[in-house]
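# Coordinate inspection notes
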Amino acid sequence: KIMCTKGILDALVQGASISDEEISLNRNLEEIRDSAVRAIERLATEFSNRATMAHHDGLLVAIAQATEREAKLEAPMMAKGGLLGKALGGVDSPNQQIQSSFLAKPLLMSLLVAM
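So, how was this worked out
- Residue numbers run consecutively from 1 along every chain, following the written order of its sequence.
- Totals for whole chains, interfaces and linings use all residues, but because this is a predicted model, local features are given only for residues with pLDDT of at least 70 and pairs of side-chain atoms are given and counted only at 80 or more.
- Here the side-chain values reflect all heavy atoms present in the structure, with hydrogen atoms and water set aside.
- Salt bridge, as applied in this entry: a Lys or Arg side-chain nitrogen positioned within 4 Å of an Asp or Glu carboxyl oxygen.
- We call a residue buried when its accessible area falls under 20% of the maximum for its residue type, exposed when it is over 50%, and partly exposed in between, using a 1.4 Å probe and counting protein chains only.
- Starting at the N terminus, helices and strands are each numbered in turn, a helix being any DSSP run of H or I of at least four residues and a strand any DSSP run of E of at least two.
- Throughout this description, a polar contact denotes any pair of N or O atoms lying within 3.5 Å of each other; where both atoms belong to protein, one of them has to be capable of donating a hydrogen while the other can accept it, and for residues adjacent in sequence the pair is counted only when both atoms sit in side chains.
- Residue contacts follow a heavy-atom distance rule, with two residues in contact if any of their heavy atoms lie within 4.5 Å.
- The axes are straight lines fitted to the C-alpha atoms, using for helices just the contacting stretch, and the angles between their N-to-C directions are given from 0 to 180°.
- Put simply, angles under 35 degrees are roughly parallel, angles over 145 are roughly antiparallel, angles from 65 to 115 are roughly perpendicular, and the rest are oblique.
- Crossings are classed by handedness, with left-handed meaning an anticlockwise turn of the near helix from the far one by less than a right angle and right-handed meaning a clockwise turn.
- Amino acids outside the nonpolar list (Ala, Val, Leu, Ile, Met, Phe, Trp, Tyr, Cys, Pro) and the charged list (Asp, Glu, Lys, Arg) are all regarded as polar, and Gly is one of them.
- In plain words, nonpolar cores are sets of buried Ala, Val, Leu, Ile, Met, Phe, Trp, Tyr and Cys residues tied together by side-chain atoms within 4.5 Å.

Turning next to the pattern of salt bridges. Once their charged atoms are close, side chains differing in charge can pair, the charge on each being opposite to the other. As enumerated under the stated definition, the model contains four salt bridges in all. Residue Glu 30 pairs with Arg 27 through a salt bridge whose shortest N-O separation is 2.7 Å. Assessed through its relative accessible area of 58%, Arg 27 is described here as exposed.

Structure, rendered in structure tokens:
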């Protein structure tokens, strides 16, 4: 609850909203964007934070954009089937890896429910 403040959420939304165009100019920004999305996901694991997060300006938009990016990445991985596990570090179960890698969609749904 202490970390879920307007200032922190503003900074995370700004980081999570970095565009692909900005990343094309500076590849380091991709790591910042991904870290911001992961931090938002971790903050949302605390149920009491979700309502505040769901009503924060720009946060749902940033997570919706992350969900869209993940969906674009997920489609080719699903098409490759058995190769997915090897491509993502030797994990045997592709579904297990996808579920642990792509968290924006469940996050978006949990924040929408919290509204």
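Let's shift gears to the side chain of Arg 33. One can find Arg 33 in helix H3 (residues 28-43). Among the residues examined, Arg 33 registers a relative accessible area of 4% and is labelled buried. At a separation of 3.1 Å, a polar atom in the side chain of Arg 33 contacts the main-chain carbonyl oxygen of Ile 18. For Arg 33, the side chain forms a polar contact with the side chain of Asp 20, separated by 2.8 Å. Sequence-distant contacts of Arg 33, that is, excluding residues within four places in its chain, are made with Gly 15, Ala 16, Ile 18, Ser 19, Asp 20, Ile 23 and Arg 69.

Let us look at the environment of Ala 51. In this structure, Ala 51 sits in helix H4 (residues 50-54). Spatially, the C-alpha atoms of Ala 51 and Leu 112 are 8.8 Å apart, while their sequence positions differ by 61 residues.

It is worth spelling out the packing of helix H1 (residues 6-16) against H3 at this point. Running from N to C, H1 and H3 point in directions that differ by 135 degrees, and their axes come no closer than 7 Å. By the angle between their axes, H1 is oblique relative to H3. At the point where H1 passes H3, the crossing takes the left-handed sense. Residues Leu 9, Leu 12, Val 13, Gly 15 and Ala 16 of H1 form the contact with H3, whose own contacting residues are Ile 32, Arg 33, Ala 36, Val 37, Ala 39, Ile 40 and Leu 43. A class-by-class count of the residues in the contact of H1 with H3 yields 10 nonpolar, one polar and one charged.

A few words on the nonpolar core. Counting 21 residues, the largest nonpolar core has Ile 40, Met 53, Leu 59, Ile 63 and Leu 111 as its most contacted members. Only H1, H3, H4, helix H5 (59-80) and helix H8 (104-114) provide two or more residues apiece to this core. In terms of residues, this core owes the most to one element, H5, which gives five residues.

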